[in-house]
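Residue-level structure breakdown
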Amino acid sequence: MSVEQRSASRAGKGAGEGSGLKKIVAASMVGTVVEWYEFFLYATAATLVFGKYFFPSTGNELDGIIQAFITYAVGFVARPLGGIVFGQIGDKLGRKPTLQLTIVIVGVSTFLMGCLPGFMEIGYWAPAMLVALRFIQGFALGGEWGGAVLLVAEHSPNKSRGFWSSWPQAAVPVGNLLATLVLFVMSTTLSSEAFLGWGWRVAFWLSAVIVFVGYYIRTHVTEAPIFLEAKAQVEESKAISYGVGEVIRKYPKGILQAMGLRFAENIMYYLVVSFAIVYLKSVHKYDTSSLLLALLIAHVIHFLVIPQVGRLVDSWGRKPVYLIGAIAGATWPFFAFPMFDTKNAVIIVLAVTIGLCLHAFMYAGQPAIMSELFPTRMRYSGVSLGSQVTSIFAGSLAPLLATQWLKDTGSWVPTAIYLVVACAITVVAVVSLKETKGIALQDVDQADAIRHGLTTASASKG
(Lines give C-alpha, C1' and ligand atoms only; values in the text may rest on other atoms or scores of the structure.)
Protein backbone atom coordinates (compact mmCIF):
# COMPACT_ATOMS: atom_id res chain seq x y z
CA MET A 1 0.00 0.00 0.00
CA SER A 2 1.37 3.43 -0.95
CA VAL A 3 1.75 6.29 1.46
CA GLU A 4 -1.11 8.10 -0.23
CA GLN A 5 -3.41 5.11 0.19
CA ARG A 6 -2.48 4.56 3.80
CA SER A 7 -2.79 8.26 4.46
CA ALA A 8 -6.24 8.22 2.96
CA SER A 9 -7.32 5.29 5.07
CA ARG A 10 -6.25 7.06 8.25
CA ALA A 11 -7.00 10.70 7.54
CA GLY A 12 -10.22 9.84 5.81
CA LYS A 13 -11.47 9.04 9.27
CA GLY A 14 -9.58 11.99 10.74
CA ALA A 15 -10.85 13.10 14.07
CA GLY A 16 -14.37 12.53 12.88
CA GLU A 17 -17.03 15.04 13.78
CA GLY A 18 -17.21 14.02 17.40
CA SER A 19 -15.42 15.07 20.56
CA GLY A 20 -11.94 14.60 19.08
CA LEU A 21 -12.43 17.18 16.37
CA LYS A 22 -14.26 19.53 18.73
CA LYS A 23 -11.29 19.38 21.10
CA ILE A 24 -8.92 20.27 18.27
CA VAL A 25 -11.19 23.14 17.20
CA ALA A 26 -11.27 24.41 20.78
CA ALA A 27 -7.48 24.27 21.09
CA SER A 28 -7.06 26.13 17.84
CA MET A 29 -9.68 28.71 18.76
CA VAL A 30 -8.45 29.45 22.27
CA GLY A 31 -4.93 30.14 21.11
CA THR A 32 -6.20 32.23 18.24
CA VAL A 33 -8.47 34.21 20.57
CA VAL A 34 -5.49 34.97 22.80
CA GLU A 35 -3.20 36.02 19.99
CA TRP A 36 -5.73 38.15 18.16
CA TYR A 37 -6.88 39.71 21.41
CA GLU A 38 -3.36 41.00 21.75
CA PHE A 39 -2.91 41.96 18.11
CA PHE A 40 -6.19 43.86 17.83
CA LEU A 41 -5.70 45.40 21.24
CA TYR A 42 -2.79 47.22 19.67
CA ALA A 43 -4.96 48.30 16.72
CA THR A 44 -7.59 49.83 18.98
CA ALA A 45 -5.04 51.38 21.32
CA ALA A 46 -3.19 52.88 18.34
CA THR A 47 -6.38 54.74 17.47
CA LEU A 48 -7.34 55.82 20.99
CA VAL A 49 -4.12 56.09 23.03
CA PHE A 50 -0.76 55.65 21.32
CA GLY A 51 -0.93 58.75 19.12
CA LYS A 52 -1.12 60.89 22.25
CA TYR A 53 1.10 58.86 24.58
CA PHE A 54 4.08 57.74 22.49
CA PHE A 55 4.49 60.62 20.04
CA PRO A 56 5.06 64.40 20.31
CA SER A 57 2.06 66.67 19.87
CA THR A 58 1.79 68.57 16.57
CA GLY A 59 -1.54 70.25 17.19
CA ASN A 60 -3.32 67.94 14.72
CA GLU A 61 -4.86 64.80 16.24
CA LEU A 62 -4.60 62.92 12.94
CA ASP A 63 -0.80 63.30 12.89
CA GLY A 64 -0.46 61.26 16.07
CA ILE A 65 -2.86 58.62 14.78
CA ILE A 66 -0.91 58.37 11.51
CA GLN A 67 2.34 57.91 13.44
CA ALA A 68 0.70 55.23 15.60
CA PHE A 69 -0.56 53.45 12.50
CA ILE A 70 2.98 53.44 11.09
CA THR A 71 4.13 51.48 14.13
CA TYR A 72 1.03 49.34 13.64
CA ALA A 73 2.20 48.58 10.10
CA VAL A 74 5.52 47.29 11.44
CA GLY A 75 3.70 44.26 12.83
CA PHE A 76 2.40 43.46 9.36
CA VAL A 77 5.88 43.76 7.84
CA ALA A 78 7.11 41.24 10.42
CA ARG A 79 4.30 38.75 9.76
CA PRO A 80 5.66 37.36 6.45
CA LEU A 81 9.03 36.79 8.11
CA GLY A 82 7.25 34.93 10.88
CA GLY A 83 5.26 33.01 8.28
CA ILE A 84 8.50 31.92 6.57
CA VAL A 85 10.30 30.92 9.76
CA PHE A 86 7.39 29.24 11.53
CA GLY A 87 6.09 27.76 8.29
CA GLN A 88 9.41 25.97 7.88
CA ILE A 89 9.34 24.82 11.50
CA GLY A 90 5.70 23.76 11.25
CA ASP A 91 6.28 21.69 8.10
CA LYS A 92 9.31 20.00 9.66
CA LEU A 93 8.50 19.54 13.34
CA GLY A 94 4.72 19.85 13.42
CA ARG A 95 1.83 22.23 13.86
CA LYS A 96 1.51 21.70 17.63
CA PRO A 97 4.99 22.74 18.86
CA THR A 98 5.01 25.71 16.51
CA LEU A 99 1.70 26.98 17.86
CA GLN A 100 2.90 26.58 21.44
CA LEU A 101 5.94 28.72 20.68
CA THR A 102 4.07 31.49 18.86
CA ILE A 103 1.54 32.01 21.64
CA VAL A 104 4.29 32.51 24.24
CA ILE A 105 6.16 35.04 22.08
CA VAL A 106 3.04 37.09 21.41
CA GLY A 107 2.07 37.02 25.08
CA VAL A 108 5.44 38.23 26.38
CA SER A 109 5.77 41.03 23.82
CA THR A 110 2.25 42.27 24.51
CA PHE A 111 2.74 42.26 28.28
CA LEU A 112 5.90 44.33 27.88
CA MET A 113 4.03 46.88 25.76
CA GLY A 114 1.92 47.61 28.81
CA CYS A 115 5.07 48.42 30.76
CA LEU A 116 6.50 51.03 28.37
CA PRO A 117 6.99 54.64 29.48
CA GLY A 118 5.67 57.38 27.21
CA PHE A 119 7.22 60.13 25.09
CA MET A 120 7.12 62.60 27.96
CA GLU A 121 9.31 60.29 30.07
CA ILE A 122 11.97 59.01 27.67
CA GLY A 123 11.42 60.86 24.40
CA TYR A 124 11.89 58.97 21.14
CA TRP A 125 13.02 55.84 22.96
CA ALA A 126 9.32 55.28 23.73
CA PRO A 127 8.17 54.82 20.11
CA ALA A 128 11.41 52.96 19.33
CA MET A 129 10.72 50.32 21.97
CA LEU A 130 7.07 50.18 20.92
CA VAL A 131 8.16 49.43 17.35
CA ALA A 132 10.56 46.71 18.50
CA LEU A 133 7.90 44.92 20.54
CA ARG A 134 5.36 45.36 17.75
CA PHE A 135 7.79 43.70 15.34
CA ILE A 136 8.25 40.71 17.67
CA GLN A 137 4.49 40.44 18.16
CA GLY A 138 3.81 40.48 14.42
CA PHE A 139 6.63 38.01 13.76
CA ALA A 140 5.02 35.43 16.04
CA LEU A 141 1.52 36.07 14.73
CA GLY A 142 2.80 35.43 11.21
CA GLY A 143 3.25 31.80 12.14
CA GLU A 144 0.08 31.50 14.22
CA TRP A 145 -2.69 31.72 11.66
CA GLY A 146 -1.42 29.06 9.28
CA GLY A 147 -0.82 26.54 12.04
CA ALA A 148 -4.15 27.16 13.76
CA VAL A 149 -6.29 26.72 10.65
CA LEU A 150 -4.29 23.73 9.36
CA LEU A 151 -4.57 21.92 12.67
CA VAL A 152 -8.33 21.91 12.11
CA ALA A 153 -8.41 21.59 8.31
CA GLU A 154 -6.18 18.51 8.31
CA HIS A 155 -8.37 16.78 10.89
CA SER A 156 -11.69 17.70 9.25
CA PRO A 157 -13.89 15.43 7.10
CA ASN A 158 -13.76 16.31 3.42
CA LYS A 159 -17.46 17.12 3.21
CA SER A 160 -17.40 19.64 6.06
CA ARG A 161 -13.89 21.10 5.99
CA GLY A 162 -15.25 24.55 5.20
CA PHE A 163 -17.43 24.57 8.30
CA TRP A 164 -14.94 23.18 10.79
CA SER A 165 -11.97 25.20 9.58
CA SER A 166 -14.05 28.39 9.74
CA TRP A 167 -14.11 28.17 13.54
CA PRO A 168 -10.52 29.41 13.99
CA GLN A 169 -11.60 32.34 11.81
CA ALA A 170 -14.52 32.94 14.15
CA ALA A 171 -12.01 33.13 17.00
CA VAL A 172 -10.60 36.32 15.50
CA PRO A 173 -13.69 38.47 16.23
CA VAL A 174 -13.78 36.87 19.69
CA GLY A 175 -10.24 38.08 20.34
CA ASN A 176 -11.17 41.46 18.96
CA LEU A 177 -14.32 41.43 21.06
CA LEU A 178 -12.35 40.79 24.25
CA ALA A 179 -9.87 43.55 23.44
CA THR A 180 -12.68 45.99 22.71
CA LEU A 181 -14.59 44.90 25.82
CA VAL A 182 -11.63 45.46 28.12
CA LEU A 183 -10.95 48.89 26.64
CA PHE A 184 -14.66 49.72 26.80
CA VAL A 185 -14.81 48.88 30.50
CA MET A 186 -11.68 50.90 31.18
CA SER A 187 -12.85 53.91 29.18
CA THR A 188 -16.29 53.98 30.83
CA THR A 189 -15.16 53.44 34.42
CA LEU A 190 -12.09 55.69 34.38
CA SER A 191 -11.61 59.36 33.66
CA SER A 192 -9.90 60.30 30.39
CA GLU A 193 -6.74 61.16 32.34
CA ALA A 194 -6.70 57.82 34.16
CA PHE A 195 -7.45 55.85 30.99
CA LEU A 196 -4.61 57.53 29.08
CA GLY A 197 -2.33 57.34 32.10
CA TRP A 198 -2.61 53.71 33.20
CA GLY A 199 -6.01 52.20 32.32
CA TRP A 200 -4.98 51.08 28.84
CA ARG A 201 -2.02 49.17 30.34
CA VAL A 202 -4.31 46.76 32.22
CA ALA A 203 -5.63 45.37 28.94
CA PHE A 204 -2.08 44.55 27.85
CA TRP A 205 -1.13 43.01 31.18
CA LEU A 206 -4.13 40.69 31.08
CA SER A 207 -2.39 38.84 28.25
CA ALA A 208 -0.18 37.11 30.84
CA VAL A 209 -3.22 35.34 32.26
CA ILE A 210 -4.87 34.25 29.03
CA VAL A 211 -1.60 33.11 27.45
CA PHE A 212 -1.29 30.43 30.13
CA VAL A 213 -4.80 29.20 29.28
CA GLY A 214 -4.11 29.01 25.56
CA TYR A 215 -0.74 27.32 26.01
CA TYR A 216 -2.16 24.70 28.36
CA ILE A 217 -4.98 23.74 26.01
CA ARG A 218 -2.61 23.43 23.07
CA THR A 219 -0.48 20.89 24.94
CA HIS A 220 -3.42 18.46 24.74
CA VAL A 221 -3.88 18.25 20.97
CA THR A 222 -2.38 15.79 18.48
CA GLU A 223 -1.05 16.15 14.95
CA ALA A 224 -3.25 15.07 12.04
CA PRO A 225 -2.47 11.60 10.62
CA ILE A 226 -2.00 13.06 7.14
CA PHE A 227 0.76 15.34 8.47
CA LEU A 228 2.49 12.48 10.31
CA GLU A 229 2.48 10.44 7.09
CA ALA A 230 3.95 13.31 5.10
CA LYS A 231 6.57 13.97 7.76
CA ALA A 232 7.64 10.32 7.77
CA GLN A 233 7.80 10.34 3.99
CA VAL A 234 10.07 13.40 3.93
CA GLU A 235 12.33 11.93 6.61
CA GLU A 236 12.78 8.64 4.74
CA SER A 237 13.27 9.98 1.23
CA LYS A 238 15.91 12.58 0.42
CA ALA A 239 14.19 13.11 -2.94
CA ILE A 240 11.22 14.69 -1.19
CA SER A 241 11.57 18.21 0.16
CA TYR A 242 9.34 20.51 2.20
CA GLY A 243 8.99 24.06 3.45
CA VAL A 244 9.29 27.58 2.12
CA GLY A 245 11.87 27.11 -0.62
CA GLU A 246 10.04 24.12 -2.03
CA VAL A 247 6.64 25.78 -2.10
CA ILE A 248 8.05 28.87 -3.85
CA ARG A 249 9.67 26.67 -6.51
CA LYS A 250 6.80 24.25 -7.01
CA TYR A 251 3.64 26.26 -6.25
CA PRO A 252 4.18 29.95 -7.13
CA LYS A 253 0.69 30.11 -8.67
CA GLY A 254 -0.87 28.83 -5.44
CA ILE A 255 0.97 31.49 -3.44
CA LEU A 256 -0.21 34.24 -5.78
CA GLN A 257 -3.78 32.95 -5.65
CA ALA A 258 -3.68 32.90 -1.84
CA MET A 259 -2.33 36.46 -1.85
CA GLY A 260 -5.10 37.57 -4.18
CA LEU A 261 -7.76 35.97 -1.99
CA ARG A 262 -6.39 37.73 1.06
CA PHE A 263 -6.00 41.18 -0.51
CA ALA A 264 -9.53 42.62 -0.41
CA GLU A 265 -10.53 40.71 2.72
CA ASN A 266 -7.57 42.07 4.68
CA ILE A 267 -8.07 45.65 3.50
CA MET A 268 -11.79 45.61 4.15
CA TYR A 269 -11.45 44.27 7.66
CA TYR A 270 -9.10 47.02 8.81
CA LEU A 271 -11.15 49.71 7.16
CA VAL A 272 -14.22 48.49 9.05
CA VAL A 273 -12.67 47.98 12.49
CA SER A 274 -9.89 50.61 12.52
CA PHE A 275 -10.52 53.40 10.04
CA ALA A 276 -14.21 53.60 10.94
CA ILE A 277 -13.15 54.59 14.46
CA VAL A 278 -10.77 57.22 13.10
CA TYR A 279 -13.46 58.66 10.81
CA LEU A 280 -16.15 58.85 13.45
CA LYS A 281 -13.82 60.22 16.11
CA SER A 282 -11.98 62.81 14.01
CA VAL A 283 -14.78 63.94 11.67
CA HIS A 284 -17.78 63.71 14.00
CA LYS A 285 -16.01 63.78 17.42
CA TYR A 286 -17.94 60.66 18.34
CA ASP A 287 -17.63 59.45 21.93
CA THR A 288 -14.96 56.77 22.49
CA SER A 289 -17.17 54.56 24.65
CA SER A 290 -19.97 54.67 22.09
CA LEU A 291 -17.55 53.67 19.34
CA LEU A 292 -16.29 50.71 21.35
CA LEU A 293 -19.85 49.63 22.14
CA ALA A 294 -20.69 49.67 18.42
CA LEU A 295 -17.70 47.45 17.72
CA LEU A 296 -18.67 45.09 20.54
CA ILE A 297 -22.07 44.46 18.99
CA ALA A 298 -20.59 44.04 15.50
CA HIS A 299 -17.94 41.57 16.69
CA VAL A 300 -20.56 39.36 18.34
CA ILE A 301 -22.57 39.16 15.13
CA HIS A 302 -19.40 38.58 13.09
CA PHE A 303 -18.55 35.62 15.32
CA LEU A 304 -22.00 34.10 14.83
CA VAL A 305 -22.03 34.62 11.06
CA ILE A 306 -18.61 33.13 10.17
CA PRO A 307 -19.42 29.43 10.89
CA GLN A 308 -22.73 29.73 9.04
CA VAL A 309 -20.89 31.04 6.01
CA GLY A 310 -18.53 28.09 6.49
CA ARG A 311 -21.52 25.80 5.99
CA LEU A 312 -22.32 27.62 2.75
CA VAL A 313 -18.74 27.06 1.61
CA ASP A 314 -19.35 23.30 1.93
CA SER A 315 -22.77 23.33 0.27
CA TRP A 316 -22.51 26.06 -2.40
CA GLY A 317 -18.81 25.72 -3.12
CA ARG A 318 -15.67 27.71 -2.32
CA LYS A 319 -15.77 30.10 -5.28
CA PRO A 320 -19.43 31.29 -5.30
CA VAL A 321 -19.36 32.26 -1.63
CA TYR A 322 -16.06 34.10 -1.94
CA LEU A 323 -17.26 35.98 -5.01
CA ILE A 324 -20.34 37.17 -3.13
CA GLY A 325 -18.11 38.62 -0.42
CA ALA A 326 -15.69 40.30 -2.84
CA ILE A 327 -18.35 41.85 -5.06
CA ALA A 328 -20.69 42.93 -2.26
CA GLY A 329 -17.75 44.16 -0.18
CA ALA A 330 -16.86 46.68 -2.88
CA THR A 331 -20.19 48.43 -2.28
CA TRP A 332 -19.78 48.81 1.49
CA PRO A 333 -18.10 52.24 1.76
CA PHE A 334 -20.63 53.85 -0.57
CA PHE A 335 -23.44 53.29 1.89
CA ALA A 336 -21.48 52.89 5.16
CA PHE A 337 -19.90 56.35 5.32
CA PRO A 338 -23.18 58.16 4.62
CA MET A 339 -24.61 56.03 7.43
CA PHE A 340 -21.75 57.17 9.69
CA ASP A 341 -22.52 60.78 8.77
CA THR A 342 -25.99 60.45 10.32
CA LYS A 343 -24.28 60.19 13.73
CA ASN A 344 -27.15 57.92 14.76
CA ALA A 345 -25.90 55.17 17.08
CA VAL A 346 -28.16 52.44 15.69
CA ILE A 347 -27.31 53.27 12.09
CA ILE A 348 -23.60 53.34 12.88
CA VAL A 349 -23.77 49.88 14.50
CA LEU A 350 -25.69 48.64 11.47
CA ALA A 351 -23.07 49.99 9.04
CA VAL A 352 -20.18 48.33 10.90
CA THR A 353 -22.11 45.07 11.30
CA ILE A 354 -22.99 44.87 7.61
CA GLY A 355 -19.32 45.44 6.77
CA LEU A 356 -18.20 42.56 8.96
CA CYS A 357 -20.93 40.26 7.63
CA LEU A 358 -19.83 40.92 4.05
CA HIS A 359 -16.25 40.35 5.16
CA ALA A 360 -17.28 36.94 6.55
CA PHE A 361 -18.18 35.74 3.05
CA MET A 362 -14.52 36.07 2.14
CA TYR A 363 -13.00 35.19 5.48
CA ALA A 364 -14.85 32.00 6.45
CA GLY A 365 -13.71 29.94 3.47
CA GLN A 366 -10.05 30.94 3.46
CA PRO A 367 -8.69 28.02 5.54
CA ALA A 368 -10.41 25.38 3.42
CA ILE A 369 -9.46 27.01 0.12
CA MET A 370 -5.84 27.65 1.05
CA SER A 371 -5.28 24.22 2.61
CA GLU A 372 -6.53 22.67 -0.64
CA LEU A 373 -4.03 24.72 -2.71
CA PHE A 374 -0.92 23.02 -1.29
CA PRO A 375 0.23 19.46 -0.49
CA THR A 376 0.82 18.47 3.12
CA ARG A 377 4.62 18.51 2.95
CA MET A 378 4.64 22.26 2.29
CA ARG A 379 1.14 23.33 3.31
CA TYR A 380 2.10 25.32 6.43
CA SER A 381 4.69 27.30 4.46
CA GLY A 382 2.40 27.88 1.49
CA VAL A 383 -0.59 29.00 3.54
CA SER A 384 1.49 31.23 5.83
CA LEU A 385 3.44 32.82 3.00
CA GLY A 386 0.41 33.43 0.81
CA SER A 387 -1.63 34.96 3.60
CA GLN A 388 1.02 36.93 5.50
CA VAL A 389 2.95 38.57 2.66
CA THR A 390 -0.32 40.14 1.55
CA SER A 391 -0.71 41.88 4.89
CA ILE A 392 2.24 44.17 4.10
CA PHE A 393 0.43 45.64 1.11
CA ALA A 394 -3.11 45.28 2.45
CA GLY A 395 -4.04 45.43 6.13
CA SER A 396 -0.93 47.33 7.25
CA LEU A 397 -1.45 50.16 4.78
CA ALA A 398 -5.25 50.32 4.68
CA PRO A 399 -5.93 52.40 7.84
CA LEU A 400 -2.76 54.43 7.28
CA LEU A 401 -3.66 55.37 3.68
CA ALA A 402 -7.31 55.99 4.54
CA THR A 403 -6.35 58.32 7.41
CA GLN A 404 -3.88 60.20 5.22
CA TRP A 405 -6.47 60.62 2.47
CA LEU A 406 -8.96 61.84 5.03
CA LYS A 407 -6.44 64.39 6.26
CA ASP A 408 -5.57 65.56 2.71
CA THR A 409 -9.05 65.60 1.15
CA GLY A 410 -11.48 65.52 4.07
CA SER A 411 -13.38 62.81 2.17
CA TRP A 412 -13.97 59.07 2.36
CA VAL A 413 -14.27 58.72 -1.44
CA PRO A 414 -10.57 57.88 -2.10
CA THR A 415 -10.87 55.09 0.46
CA ALA A 416 -13.99 53.76 -1.26
CA ILE A 417 -12.20 53.67 -4.64
CA TYR A 418 -9.27 51.91 -2.96
CA LEU A 419 -11.54 49.14 -1.68
CA VAL A 420 -13.21 48.73 -5.08
CA VAL A 421 -9.82 48.18 -6.73
CA ALA A 422 -8.84 45.70 -4.02
CA CYS A 423 -12.06 43.74 -4.48
CA ALA A 424 -11.51 43.62 -8.24
CA ILE A 425 -8.08 42.04 -7.67
CA THR A 426 -9.61 39.45 -5.34
CA VAL A 427 -12.36 38.62 -7.85
CA VAL A 428 -9.67 37.83 -10.45
CA ALA A 429 -7.92 35.54 -7.94
CA VAL A 430 -11.16 33.70 -7.13
CA VAL A 431 -12.02 33.19 -10.80
CA SER A 432 -8.57 31.67 -11.39
CA LEU A 433 -9.18 28.95 -8.77
CA LYS A 434 -10.38 25.43 -9.39
CA GLU A 435 -13.47 24.53 -7.37
CA THR A 436 -12.28 22.15 -4.62
CA LYS A 437 -15.45 21.59 -2.60
CA GLY A 438 -15.30 18.13 -0.97
CA ILE A 439 -11.80 17.28 -2.22
CA ALA A 440 -9.67 14.92 -0.12
CA LEU A 441 -6.34 16.37 1.01
CA GLN A 442 -4.89 12.94 0.17
CA ASP A 443 -5.86 13.60 -3.45
CA VAL A 444 -3.95 16.89 -3.30
CA ASP A 445 -0.91 14.96 -2.04
CA GLN A 446 -1.37 12.29 -4.72
CA ALA A 447 -1.52 14.92 -7.48
CA ASP A 448 1.63 16.54 -6.08
CA ALA A 449 3.42 13.17 -6.04
CA ILE A 450 2.51 12.44 -9.65
CA ARG A 451 3.29 15.97 -10.83
CA HIS A 452 6.78 15.98 -9.33
CA GLY A 453 7.70 12.32 -9.83
CA LEU A 454 7.45 11.32 -6.18
CA THR A 455 5.14 8.32 -6.61
CA THR A 456 7.97 5.84 -6.73
CA ALA A 457 9.49 7.12 -3.53
CA SER A 458 6.10 7.14 -1.93
CA ALA A 459 5.24 3.63 -2.95
CA SER A 460 8.49 2.31 -1.59
CA LYS A 461 7.04 2.62 1.86
CA GLY A 462 4.04 0.48 1.05
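The structure we're discussing is the one just above.
Treat the numbers as computed from the prediction; the structure is a model and nothing was measured.

The rules behind each value
Residues numbered from 1 in each chain as written. Predicted model: local features only at pLDDT ≥ 70, side-chain atom pairs only at ≥ 80, totals over all residues. Heavy atoms only, no water. Helix = DSSP H or I, 4+ residues; strand = E, 2+ residues; numbered from the N terminus. Buried < 20%, exposed > 50% of the residue type's maximum accessible area, 1.4 Å probe, protein only. Contact = heavy atoms within 4.5 Å. Areas by Shrake-Rupley, 256 points an atom, 1.4 Å probe, with all protein chains shown as cover. Axes fitted to C-alpha atoms, helices over the stretch in contact; angles between N-to-C directions. Parallel < 35°, antiparallel > 145°, perpendicular 65-115°, else oblique. Left-handed = near helix turned anticlockwise from the far one by under 90°. Nonpolar A, V, L, I, M, F, W, Y, C, P; charged D, E, K, R; others polar. Phe/Tyr/Trp six-rings, centres within 6.5 Å; stacked < 30°, edge-to-face > 60°. Lys NZ or Arg CZ within 6 Å of the ring centre and 35° of its normal. Patch = residues over 30% accessible without salt bridge, like charges linked within 9 Å, V, L, I, M, F, W, Y side chains within 5 Å. Salt bridge = Lys/Arg side-chain N within 4 Å of Asp/Glu carboxyl O. Core = buried A, V, L, I, M, F, W, Y, C linked by side-chain atoms within 4.5 Å. Arc of directions from axis to C-beta. Polar contact = N/O pair within 3.5 Å; in protein donor to acceptor, adjacent residues only side chain to side chain.

Remarks on the overall build of the protein
Tallying secondary structure elements over the protein gives 23 helices and 0 strands in all. Within the protein, the proportion of its 462 residues that are buried is 61%. Taking as baseline every contact in the protein between residues at least 6 positions apart, the subset at least 24 positions apart corresponds to 87%. Accessible surface, the protein as shown: approximately 16,300 Å² in total, 70% of it carbon and sulfur.

Comments concerning the packing of helix 14 (residues 288-315) against helix 17 (residues 345-363)
Contact geometry for helix 14 and helix 17: axes closest at 8 Å, N-to-C directions at 30 degrees. Between helix 14 and helix 17, the angle is such that the two are roughly parallel. Along this stretch, helix 14 crosses helix 17, giving a crossing that reads as right-handed. Residues Ala294, Leu295, Ile297, Ala298, His299, Ile301, His302, Val305, Ile306, Val309 and Leu312 of helix 14 lie in contact with helix 17, whose contacting residues are Val349, Val352, Thr353, Leu356, Cys357, His359, Ala360, Phe361 and Tyr363. Within the contact of helix 14 with helix 17, the residues separate by chemical class into 16 nonpolar, 4 polar and no charged.

With respect to the packing of aromatic side chains
Inspection of every chain in the model, using the stated rule, returns 17 aromatic pairs. When the centroid spacing of 5.3 Å and the interplanar angle of 75 degrees are considered together, the rings of Trp405 and Tyr418 count as edge-to-face. Pair noted here: Trp405 is in helix 20 (residues 398-409) and Tyr418 is in helix 21 (residues 413-431), with a separation of 13 residues, a long-range link. For Tyr418, a relative accessible area of 14% puts it in the buried group. Grouped by ring-pair contacts, the aromatic residues Phe275, Tyr279, Trp332, Phe334, Phe337, Phe340 and Trp412 constitute a single cluster. Arg311 extends its terminal NZ or CZ atom over the ring of Phe163, reaching a point 4.0 Å from the ring centre.

Considerations on the packing of helix 15 (residues 318-329) against helix 21
Here helix 15 crosses helix 21 at 165 degrees, and the two axes come no closer than 8 Å. Here helix 15 is positioned roughly antiparallel relative to helix 21, judged by the angle of their axes. When you trace helix 15 past helix 21, the crossing you get is left-handed. Across from Lys319, Tyr322, Leu323, Ala326, Ile327 and Gly329 in helix 15, the residues of helix 21 making contact are Leu419, Cys423, Thr426, Val427, Val430 and Val431. Considered class by class, the residues forming the contact of helix 15 with helix 21 number 9 nonpolar, 2 polar and 1 charged.

A word on a nonpolar patch on the surface
Side chains of Val104, Val108, Phe111, Leu112, Trp205 and Tyr215 sit close together on the surface and give an oily, nonpolar patch of about 480 Å² of accessible area. Looking at the nonpolar patch element by element, the count peaks at 4 residues for helix 4 (residues 95-113). Among the secondary structure elements, Phe111 is positioned in helix 4.

Some words on the pattern of salt bridges
If you walk through the whole model with that rule in mind, you get 13 salt bridges. Between Asp91 and Arg95 there is a salt bridge, and its shortest N-O distance comes to 3.2 Å. When its relative accessible area of 5% is taken as the criterion, Asp91 is described as buried. Measuring nitrogen to oxygen at the nearest pair gives 2.7 Å for the salt bridge that ties Glu144 to Arg218. Remark: Arg218 occurs in helix 10 (residues 207-218) and Glu144 occurs in helix 6 (residues 125-153); sequence separation between them is 74 residues. Like Glu144, the residue Arg218 is buried in the burial classification.

Comments concerning the nonpolar core
Residues Phe50, Phe54, Ile267, Phe275, Trp332 and Phe340 are the most contacted members of the largest nonpolar core, which totals 121 residues. Those residues in contact with Phe54 that sit more than four places away from it in its chain are Leu116, Pro117, Gly118, Phe119, Ala126, Pro127, Leu130 and Trp200.

Focus on helix 22 (residues 441-451)
Every buried residue belonging to helix 22 is among Leu441, Gln442, Val444, Asp445, Asp448 and Ala449, and all of these are buried. Around the axis of helix 22, the buried residues are gathered within 155 degrees of arc, so they sit on the same side. Facing away from the buried side of helix 22, by more than 90 degrees, are the exposed residues Ile450 and Arg451. Looking one or two places after helix 22, you find Gly453, whose phi comes out positive at around 65 degrees.

Side note on the environment of Ile301
Take Ile301: it is sitting in helix 14. Judged by its relative accessible area of 30%, Ile301 falls in the partly exposed class. C-alpha of Ile301 to C-alpha of Leu356: the two residues are 55 residues apart in sequence and 8.3 Å apart in space. Setting aside anything within four residues of it in sequence, one finds Ile301 in contact with Thr353 and Cys357.

Points about the environment of Gly214
The residue Gly214 is located in helix 10 in this model. Given a relative accessible area of 0%, Gly214 falls into the buried group.

Some remarks on the side chain of Thr436
Among the secondary structure elements, Thr436 is positioned in the loop between helix 21 and helix 22. A distance of 2.5 Å separates the side chain of Thr436 from the side chain of Glu372, its partner in a polar contact. Thr436 has contacts with Arg318 and Glu372, leaving out every residue within four places of it along the chain.

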